[in-house]
Amino acid sequence: MAETKEKSLSDEKPKPRVRPIVRLGIFLISHSFLVSVVCCTAGVLALFLLPVLAKNTYISENALMPGSASPMLSNQHVSDGNRLVKDLTNPNSKSSETGIESHKIIAQYMLDLGAEVSFHKFHPQMNQFHPLHFFSSPVSGKIQENYSCSSYGINTVGIIRAPRGDGKEAIVLVTPYNALKSGFGEALSLGIAYSVFSLLTQVTWLAKDIIWLVADSQYGEYAAVAAWLREYQTPKFSSLSTPNAEMCPDVNNLFELKGHSISGSKFSNSFRRAGTMAAALVLKVRDQNEQFEDTISIYAEASNGQMPNLDLINVVNYLAVHRQGLRVNVEKLWPLLNSSWLKSLGEIFESLAKVAKSLYPKWKFGIPATEYVEGTATLASSLYYQALGVPTGPHGAFRDYQVDAITLEISPKFSLDKVWRNDILLRGGRLIEGVIRSVNNLLEKFHQSFFLYLLTSPSKFVSVGVYMIAFALLIAPLPMVAASLYVDANSSSNCSKGDSSTPSAITDTDEHGIAIRSWRWLNSAKLVFIVHLWGAIVSLLPYFISQIPDCSPTTSFMIWVLLSILSLLTLNSVLASPLACAKATQEKEWALVKSVTISSVFIGLGLMSVINFATAEIGALLMVPMCLLARPLKLDVRAGTLRSFCRLICNLVLGHIAFPPAAFFLLKGMLDGFGNANVGDFWMWVESLWAWNSATYLFIDLTWRAHAVVAHQSCMMFWNLDVLVLSL
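Position labels on residues start from 1 in each chain and follow its written sequence. Totals for whole chains, interfaces and linings use all residues, but because this is a predicted model, local features are given only for residues with pLDDT of at least 70 and pairs of side-chain atoms are given and counted only at 80 or more. Heavy atoms throughout the structure, all of them, feed into the side-chain values; hydrogens and water do not.

Chemist: Which residues make up the sheet that holds strand β8 (residues 267-268), and what values go with them?
Modeler: Taken in spatial order, the 9 strands make up an open sheet running β8-β2-β5-β7-β6-β9-β12-β10-β11, and their pairing is mixed. A single partner strand is all that each edge strand has here, and the edge strands are β8 and β11 (327-330). Direction of pairing for strand β2 (residues 116-122) relative to strand β5 (residues 153-160): antiparallel, over a ladder of 7 bridges. Across the sheet, residue Lys121 finds its bridge partner in β5, namely Ile154. Note on definitions: a residue-residue contact is assigned when non-hydrogen atoms from the two residues lie within 4.5 Å. Axes here mean lines fitted to C-alpha atoms, for a helix over just the part in contact, with angles spanning 0 to 180 degrees between N-to-C directions. Where helices and strands are cited, they refer to DSSP runs of H or I of at least four residues and of E of at least two residues respectively, numbered from the N terminus. Against the sheet, helix α7 (residues 221-233) touches β2, β5, β6 (169-177), β7 (209-216) and β9 (276-285), its axis set at about 135° to β7. Strand pairing is assigned whenever DSSP detects at least two bridges linking the two strands.

Chemist: Summarise the side chain of Lys208; cite the residues concerned and give the values.
Modeler: Relative to the elements of secondary structure, Lys208 occurs in the loop between α6 (184-200) and β7. Classification of residues uses two cut-offs on accessible area relative to the type maximum, computed with a 1.4 Å probe and protein chains only: under 20% is buried, over 50% is exposed, and between them is partly exposed. Assessed through its relative accessible area of 2%, Lys208 is described here as buried. Nitrogen and oxygen atoms within 3.5 Å of one another constitute a polar contact, given that in protein one can donate a hydrogen and the other can accept it, and given that sequence-neighbouring residues count only through two side-chain atoms. In terms of polar contacts, Lys208 uses its side chain to reach the backbone carbonyl oxygen of Val439, at 3.5 Å. Residues in contact with Lys208, not counting those within four places in the same chain, are Ala162, Glu169, Ala170, Ile171, Ala278, Val439, Asn440 and Leu442.

Chemist: An account of the UniProt feature "transmembrane region" (unreviewed entry) in the protein is needed here, citing residue identities and associated values.
Modeler: On the UniProt side, "transmembrane region" (unreviewed entry) is annotated at positions that read residues 21-50, 464-487, 527-545 and 557-579 here. Between the C-alpha atoms that bound residues 464-487 there is a distance of 35 Å. The span itself is 96% helix and 0% strand. What you have in residues 527-545 is 100% helix and 0% strand, and the ends, taken at the C-alpha atoms, are 27 Å apart. UniProt positions are given in the numbering used here, feature names are shortened, and annotations may be inferred rather than shown by experiment.

Chemist: Quick one: what's the story with the packing of helix α4 (residues 75-89) against helix α5 (residues 100-112), residue by residue and with numbers?
Modeler: Look at α4 against α5: their axes get within 10 Å of each other, and the N-to-C directions meet at 165°. By the angle class used here, α4 and α5 are roughly antiparallel. By crossing handedness, the relation of α4 to α5 is classed as right-handed. Within the contact between the two elements, α4 uses Asp80, Arg83, Leu84, Asp87 and Leu88 and α5 uses Ser102, Ile105, Ile106 and Tyr109. In this classification, Asp, Glu, Lys and Arg are treated as charged, Ala, Val, Leu, Ile, Met, Phe, Trp, Tyr, Cys and Pro as nonpolar, and every other residue, Gly included, as polar. Split by residue class, the contact of α4 with α5 holds 5 nonpolar, 1 polar and 3 charged. If an angle is under 35 degrees, it is roughly parallel; if it is over 145, roughly antiparallel; if it lies from 65 to 115, roughly perpendicular; otherwise it is oblique. Crossings are sorted by hand: turned counterclockwise from the far helix by less than a right angle, the near helix makes the crossing left-handed, and turned clockwise it makes it right-handed.

Chemist: Outline the sheet that holds strand β14 (residues 460-463), supporting the account with residue identities and numerical values.
Modeler: The strand order β1-β14-β13 describes an open sheet built from 3 strands, whose pairing is antiparallel. Strand pairing shows two members of the sheet lacking a second neighbour, β1 (55-56) and β13 (453-457), which therefore form its edges. As paired strands, β13 and β14 are joined by 4 bridges and run antiparallel to one another. Bridging from a neighbouring strand, Leu455 pairs with Phe461 of β14.

Chemist: Can you lay out the side chain of Ser118 for me, pointing to particular residues and giving the numbers?
Modeler: Note on placement: Ser118 falls in strand β2. Assessed through its relative accessible area of 2%, Ser118 is described here as buried. Setting aside anything within four residues of it in sequence, one finds Ser118 in contact with Asn155, Thr156, Val157, Ser268, Ser270 and Arg272.

Right, dumping it as structure tokens:
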């Protein structure tokens, strides 16, 4: 008997121990509501804490050595720049309708310095929406068919070959100039660039070629720079001077310069190139300034949230503040500066910092309330322009070719008379000289510092390792809630064994029945797929709508809305959306629909954070609460409790506010006033996104709009499809 008992005990297999990570997962799934509240609250709080957690900027690359050498730009170079300014502002230089006289003057000045000079002629190109151009290399737009002599754009390019270089690297200096409508500020920017250019022709320390591009901005600053970069990076073996050459006498005389008669002239009719671009600076001067001191504004955002290496901004900031006495500005979201609730929040953080410091003196936490407000306004502006995906200046054309570039805009505090003009020429020229000298010291491309960052001031930044915490906390509840809903849906299915809606009475021990229940989520996945397919169709519709001639923005928007609704109804009827199922089935499927939707949101936001973090962060702030609170309205109406009523109101409000057109009108109304909002403004905004190949446009249509519709569908479950369509 004892032997039999021992044998039975030995035959029993020990139960496998549940791993701690599995226990943690089960705990989080079973307490998904509490975890969601904690994570979302912590994510929003972490976002508001970013200005407090910002670090001081520092120069990572030791080879840059900004300010290590005394500036060499002298008053003689300033007088040379003044001569060019006087010649360009002379009325005789603007006598030609095409502005060619100004280009001849600039080219002649370059030739007198011994630089290699060439003209780059280009046609204005129309940015048109094309769905296949997203996430691809820069492509040329559509050239106007009926062009004339006046439709030519002419870039003037001067190149200095480095005496100690091998011609493999170059630094680009860009000065936008419109010869037909140029102001004194544009002429002054050319004077600053020329004074630096004249200095660089004499120095012996130059190791990289210098390219001075005078971009013809009559068709836009970005268009002129982008056209030159396309020719520089992807040359075309054709000449633009061939078409209509006999009809353009001014263009034919463009090359008849005084330099041709000089022996050894370095003027060329062909396109001239230098080495690989190490960095680029775009220089502009404003005619008027509302500040009380000389300021310089830095614009760094490029397409799809791309930013230049932070060291380039740090060098400019250090030299401008500590060497030239200029105040450095970065763009701010000005309405936030007067926000009372933001000031109160800053005061709370300041008080908490004082308490923390009294408890532990070495704890350096917190900033003054005024600094917090300015940092938040700057951070919001940085997030907005990165999320928009549209470059803030012509420097964005360089980032398309992975060249670090920024735009510098100098704003003098006084009128540009002779005395203050010389001062701006000297200080601005020495700033550009210092930046070029630092970049000239680099032995390799910028790589030491950050490429993913958010600015809270010119001297403070938030790195990717810090701001990703707020995003991770916001989206962390999504997979747990999706898993919890999936488990609850299967559990409720197990309880209804003999339901007539099921094909047969399935028991818990029936393996075939368990397999069927495990694949029930495919119906919900089909619904989400249909809506995503609809989002893809909606994103392609503007390509065809834009072909309609003489169509106003308001009309285009209304056509877009009608075609979108029609395509949704067509997909619903052709692909047999689960909306057409019986109500009894719908009542059991809403949890699975929400589970699949939340999983899709999580994947979409995660992918978008890699492409453009700012877009993903703003999308998470709007979409995560909407997805977590979405619940069939009929269930909340049946419950009749205060909690269900509050949730019903939140679902209706979030479901409409988070829809892209509604979110746009709400934001525009808060910034510009609701009286100025127009339905055509949304079309123009979307048109600007696709014209710049912004990934935000695809995100709005494929992910944001699609999930807003699915959230509507989850809320409107058990209601007619007409109600859903009208809610859009």
